[in-house]
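# Reading the structure
Spelled out, the chains give:
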Amino acid sequence: MEWQLLSNEQMKHYCNKILMPEGATAILLEIGDLLEQDEKLLHIHKQFYTSYIESGYWTTVWEPLKIDPYAEEVLGNHASLLYLHAALQRLPLTEKRYKELGLSEDFFVETVRDISTWVQNAYNLVGYYAIRNFSWIWRHLEARMFRIGSIQYLTIPFSGDVKGFYHAENKTLMLLCREGIELRASGDMQGVCKKEKTEDGFVTTYEETDDYYIGYPVTPEGKGMPSPVKLSRLEWEKVLDKDDVVFDIHIPRDAAFDMDSVKESYKQAKQFFAKHFPEVKPKGMYCHTWLFTPQLRDMLPPTSNIVKFQEQFYLYPTAGSISFLWNFVFNEMLDVKDAKPDTSLRRKVLEYVEQEKEIFDMRGIFLDLCGEFGEVSYDTLKL
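Report on the accompanying structure. Predicted model only: the values in this text are computed from it and were never measured.

## Comments concerning the overall build of the protein
- Each helix and strand counted, the protein has 13 helices and 15 strands in total.
- For the C-alpha atoms alone, the extent of the protein along its principal axes is close to 70 × 50 × 35 Å.
- Expressed as a percentage of the 383 residues in the protein, the buried residues total 51%.
- For the protein, restricting intrachain contacts to residue pairs at least 6 apart in sequence, the fraction spanning at least 24 positions comes to 71%.
- Accessible surface, the protein as shown: approximately 18700 Å² in total, 48% of it carbon and sulfur.
- In the protein, which carries 43 positive and 59 negative side-chain charges, the distance between the mean positions of the two groups comes to 3 Å.

Okay, here's the thing in structure tokens:
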């Protein structure tokens, strides 16, 4: 298909539709004018679109946006919006895909406006409009991720860093680490908090025989245990393995976050994907979020929605750091010395920092076979 640039009229139409901030819309329209006048800028724009976006490459990577020096010279702080302008060329195709799926315009707007939220968030952080997480937005524009209620969903193959086993009689789930994961003696992943490897750690092994699954178990709180276990194939069924399909879920910044809204969202999501993508059979939910910072269980009361949400997932070792939590509880541009303890959570986080205690995020999995989301307990697991 021959490449054709959206007109400024079309760009303004879509920016208004997805609730792009007015200031950012004005800059995107100025970029549209520049593209008609500056052949070098147009070449950068077109080359990026064809090689990075149209080729599908952007769906395969998570990497910083590489801004051409000439684009920076012409556009200054707004240079990243040249690349956003290129990405937004996908909007007619995104809209077409939504119509093919029989989805409403409101549904389209509810999902795609997340891009505008991130542009506004950049302005709030640095004082000018930008797209600071470009690698995130292909999910919206390729119609791969959908916002359903308070949660965003897309389906992915599971990484396989852990394997899941279910004991039907005891209704117990257990995760075993894959081969070759480096853990501290404490059970945390080597490299958490960007620290050097400890010398007292161990490396996991995994083996399957005719009779057993043999590997290093993980507690539901995400700690790897230092000794392997043998799970009898007669009692335990492997229910999660590498490349099994799961929902990859994300909580938008503007979402109302409480357990009732999450439960309702997940119920609707399963119905939505069963209707529109019946060939896809997700086994449950995967999530990597600051909400899975295990130290939050010490900082917040058990009645907290964050704690309740975390407890529904079986966590597993991750080389996380404080950065994920810090970006949401405070913001990524704020130094510790300038952070104010003006909420109970911020006060607790700063106390941890002052005491040089570790804070790090984890990944977690929820499997439908364990029960209804919101009602699952892993208390039956004894390690």
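There's plenty left to go through after this.
## Topic: the nonpolar core
- Residues Phe134, Ile137, Phe146, Tyr153 and Phe313 are the most contacted members of the largest nonpolar core, which totals 124 residues.
- The biggest single contributor to this core is helix H7 (residues 105-126), with 7 residues.
- When residues no more than four places from it in sequence are discounted, the contact partners of phenylalanine 313 are Pro220, Ile249, Met285, Cys287, Phe292, Gly364, Ile365, Phe366, Phe373 and Tyr378.

## Quick word on the side chain of lysine 163
- Here lysine 163 is to be found in strand E3 (residues 162-167).
- You can call lysine 163 buried: its relative accessible area is 12%.
- One polar contact links lysine 163 to aspartate 241, side chain to side chain, over a distance of 2.8 Å.
- Apart from residues lying up to four places away in sequence, lysine 163 is in contact with Met174, Leu175, Leu176, Tyr206, Leu240 and Asp241.

## Some thoughts on the packing of aromatic side chains
- A full pass over the atoms with the stated rule returns 39 aromatic pairs.
- Aromatic pair phenylalanine 107 and phenylalanine 272: ring centres 5.3 Å apart, planes at 20 degrees, arrangement stacked. Of the two residues, phenylalanine 107 sits in helix H7 while phenylalanine 272 sits in helix H9 (residues 259-276), which places them 165 residues apart along the sequence. The same class applies to phenylalanine 107 as to phenylalanine 272, namely buried.
- Measuring from centroid to centroid gives 6.0 Å for phenylalanine 324 and phenylalanine 328, while their planes differ by 50 degrees, and the two rings are tilted.

## With respect to the pairing of strand E8 (residues 212-215)
- In this structure, strand E7 (residues 206-208) lies alongside E8, joined through 3 bridges in antiparallel fashion. If you follow tyrosine 206 over to E8, its bridge partner there is glycine 215.
- Linking two consecutive strands that pair antiparallel, namely E7 and E8, is a turn of 3 residues.

## Focus on the pattern of salt bridges
- Scanning all chains against the criterion turns up 25 salt bridges.
- For arginine 90, the salt bridge is made with glutamate 142, and the minimal N-O distance between the two is 3.3 Å. With arginine 90 in the loop between helix H5 (80-87) and helix H6 (91-100) and glutamate 142 in the loop between helix H8 (138-141) and strand E1 (146-148), the pair connects residues that are 52 residues apart, well separated along the chain.
- Across the pair aspartate 244 and lysine 283 runs a salt bridge whose closest N-O atoms are separated by 3.1 Å. Of the two residues, aspartate 244 sits in the loop between strand E11 (236-240) and strand E12 (245-250) while lysine 283 sits in the loop between H9 and strand E13 (284-289), which places them 39 residues apart along the sequence.
- In this structure lysine 283 comes out as partly exposed when scored by relative accessible area, which is 34%.

## Comments concerning unusual backbone geometry
- With a phi close to 60 degrees, lysine 194 is a non-glycine residue in the positive phi region.
- Tracing the chain through its elements places lysine 194 in the loop between strand E5 (182-183) and strand E6 (202-203).
- According to the relative accessible area criterion, lysine 194 is exposed, its value standing at 68%.

## Section: the packing of H6 against H7
- One way to put it is that H6 packs onto H7 with a least axis distance of 10 Å and a crossing angle of 135 degrees. By the angle class used here, H6 and H7 are oblique. Our pair here, H6 against H7, has a crossing hand that is right-handed. Of the residues in H7, those in contact with Leu91, Thr94, Glu95 and Tyr98 of H6 are Phe107, Phe108, Thr111 and Val112.
- Considered class by class, the residues forming the contact of H6 with H7 number 5 nonpolar, 2 polar and 1 charged.

## What about the sheet that holds E8?
- Read across the sheet, 3 strands follow the order E7-E8-E10 without closing on themselves; strand pairing throughout is antiparallel. The strands lining the two open edges of the sheet, one partner per strand, are E7 and strand E10 (229-232). Looking at each pair of strands side by side, their axes are set apart by 15 degrees on average, direction ignored.

Thresholds, definitions, all that
Residues numbered from 1 in each chain as written. Predicted model: local features only at pLDDT ≥ 70, side-chain atom pairs only at ≥ 80, totals over all residues. Heavy atoms only, no water. Helix = DSSP H or I, 4+ residues; strand = E, 2+ residues; numbered from the N terminus. Buried < 20%, exposed > 50% of the residue type's maximum accessible area, 1.4 Å probe, protein only. Contact = heavy atoms within 4.5 Å. Areas by Shrake-Rupley, 256 points an atom, 1.4 Å probe, with all protein chains shown as cover. Lys, Arg positive; Asp, Glu negative; His and termini not counted. Charge placed at Lys NZ, Arg CZ, Asp CG, Glu CD. Core = buried A, V, L, I, M, F, W, Y, C linked by side-chain atoms within 4.5 Å. Polar contact = N/O pair within 3.5 Å; in protein donor to acceptor, adjacent residues only side chain to side chain. Phe/Tyr/Trp six-rings, centres within 6.5 Å; stacked < 30°, edge-to-face > 60°. Pairing = 2+ DSSP bridges. Salt bridge = Lys/Arg side-chain N within 4 Å of Asp/Glu carboxyl O. Axes fitted to C-alpha atoms, helices over the stretch in contact; angles between N-to-C directions. Parallel < 35°, antiparallel > 145°, perpendicular 65-115°, else oblique. Left-handed = near helix turned anticlockwise from the far one by under 90°. Nonpolar A, V, L, I, M, F, W, Y, C, P; charged D, E, K, R; others polar.

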